[in-house]
Amino acid sequence: MKRRFFSLATIITLCFLIGSYAIGTKFSFFKGETVVETESLDDGVNAFSDISRPTIKDFDDFFWNGMVWISPEEALPLEGFSAIVGGWKALMLYDPLDENDKSSRELLNCYISGTMDEMKVTMDWYWKENHDGTNASTEHLPGLELFGRYVDKNFLVSCQDAALSVSDIYVYKEKQCMIGTWHRSDELQILVYMTRP
């Protein structure tokens, strides 16, 4: 009787463990793979995530009153790290006031992943318009990976030669938006806009 009771308890325990694992796991029957869902991602985040290539038109809402340096008054704050995880379209404005005769603009994609304390931003270059009006694809350039932290609706990530700081994260006209600064060793002012539908 004791041996039989022990076997039954073991079976119950195993069933509980397997059931717990299945609840937190999603199976893909098409690819034959198992994807473990994390708490940092939810359906809302996935719905906003955008990995399509950007165009200048995507950033029209950042120029509602000339060049925008802060979010508009009607904007709503976008709070929480999970709300910003995923793909973003980005626009960099180099020397935006043309104070150094180096004004140019660059389109790229950014992907945010990780956790609040171990945040990662992957930058994928796409297209650049130079100061003289010429433009060219930058897709051949190697991407960058920046690491840092998200703290109190702000984040700072960096690599060896540069850093990205963002302190304005909001929703405007049903789009998620960010405004930040790209920091380089030459101290050129570089404004960064990020958006996704």
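We now turn to the structure provided with this report. (Residues numbered from 1 in each chain as written. Predicted model: local features only at pLDDT ≥ 70, side-chain atom pairs only at ≥ 80, totals over all residues. Heavy atoms only, no water.)

**Some remarks on the overall build of the protein chain**
Moving on, step 1. If you tally the helices and strands in the protein chain, you get two helices and 12 strands.
Moving on, step 2. The secondary structure elements of the protein chain, listed N-terminal to C-terminal, are α-β-β-α-β-β-β-β-β-β-β-β-β-β.
Moving on, step 3. Counting all 197 residues of the protein chain, 34% fall into the buried class.
Moving on, step 4. Expressed as a percentage of contacts within the protein chain between residues at least 6 apart in sequence, the contacts between residues at least 24 apart total 54%.
Moving on, step 5. Split by element, the accessible area of the protein chain, about 12,500 Å² in all, is 57% carbon and sulfur. (Helix = DSSP H or I, 4+ residues; strand = E, 2+ residues; numbered from the N terminus. Buried < 20%, exposed > 50% of the residue type's maximum accessible area, 1.4 Å probe, protein only. Contact = heavy atoms within 4.5 Å. Areas by Shrake-Rupley, 256 points an atom, 1.4 Å probe, with all protein chains shown as cover.)

**Description of the pattern of salt bridges**
Moving on, step 1. A full pass over the atoms with the stated rule returns 11 salt bridges.
Moving on, step 2. The shortest N-O distance in the salt bridge between Glu-129 and Arg-105 comes to 2.8 Å. Taken together, the residues Glu-129 in strand 6 (residues 119-129) and Arg-105 in strand 5 (residues 104-114) connect sequence positions 24 residues apart.
Moving on, step 3. Judged by its relative accessible area of 22%, Glu-129 falls in the partly exposed class.
Moving on, step 4. For Arg-105, a relative accessible area of 28% puts it in the partly exposed group. (Salt bridge = Lys/Arg side-chain N within 4 Å of Asp/Glu carboxyl O.)

**Some remarks on the pairing of strand 10 (residues 162-172)**
Across a regular strand the side chains alternate sides, sitting on one face of the sheet and then on the other.
Moving on, step 1. With eight of 11 residues buried, strand 10 is to be regarded as a mostly interior element.
Moving on, step 2. As paired strands, strand 3 (residues 76-77) and strand 10 are joined by two bridges and run antiparallel to one another. Pairing of Pro-77 across the sheet is with Tyr-170, part of strand 10.
Moving on, step 3. Inspection of the sheet shows strand 9 (residues 154-158) paired to strand 10 by four bridges, in the antiparallel sense. When the sheet's bridge partners are listed, Phe-155 is paired in strand 10 with Val-166.
Moving on, step 4. The loop that links strand 9 with its antiparallel partner strand 10 comprises three residues.
Moving on, step 5. Where strand 10 meets strand 11 (residues 175-184), 10 bridges bridge the pair, whose relative direction is antiparallel. (Pairing = 2+ DSSP bridges.)

**Some thoughts on a nonpolar patch on the surface**
Moving on, step 1. On the surface, a cluster of nonpolar side chains totalling about 320 Å² of accessible area is made up of Trp-69, Ile-70 and Leu-97.
Moving on, step 2. Within the secondary structure layout, Ile-70 lies in the loop between helix 2 (43-48) and strand 3. (Patch = residues over 30% accessible without salt bridge, like charges linked within 9 Å, V, L, I, M, F, W, Y side chains within 5 Å.)

**Details of the nonpolar core**
Moving on, step 1. Counting residues in each nonpolar core, the largest one holds 30 residues, and the members touching the most others are Ile-84, Met-92, Met-119, Met-123, Phe-155, Met-178 and Trp-182.
Moving on, step 2. Of all elements in the fold, only strand 4 (86-94), strand 5, strand 6, strand 8 (144-151), strand 9, strand 10, strand 11 and strand 12 (190-196) reach the threshold of two or more residues within this core.
Moving on, step 3. The contacts of Ile-84, once residues within four sequence positions are left out, are Leu-78, Ile-112, Met-119, Tyr-150, Phe-155, Ile-169, Met-178 and Arg-196.
Moving on, step 4. Counting residues in each nonpolar core, the second largest holds 14 residues, with Phe-59, Val-68, Ala-75 and Tyr-170 among its members. (Core = buried A, V, L, I, M, F, W, Y, C linked by side-chain atoms within 4.5 Å.)

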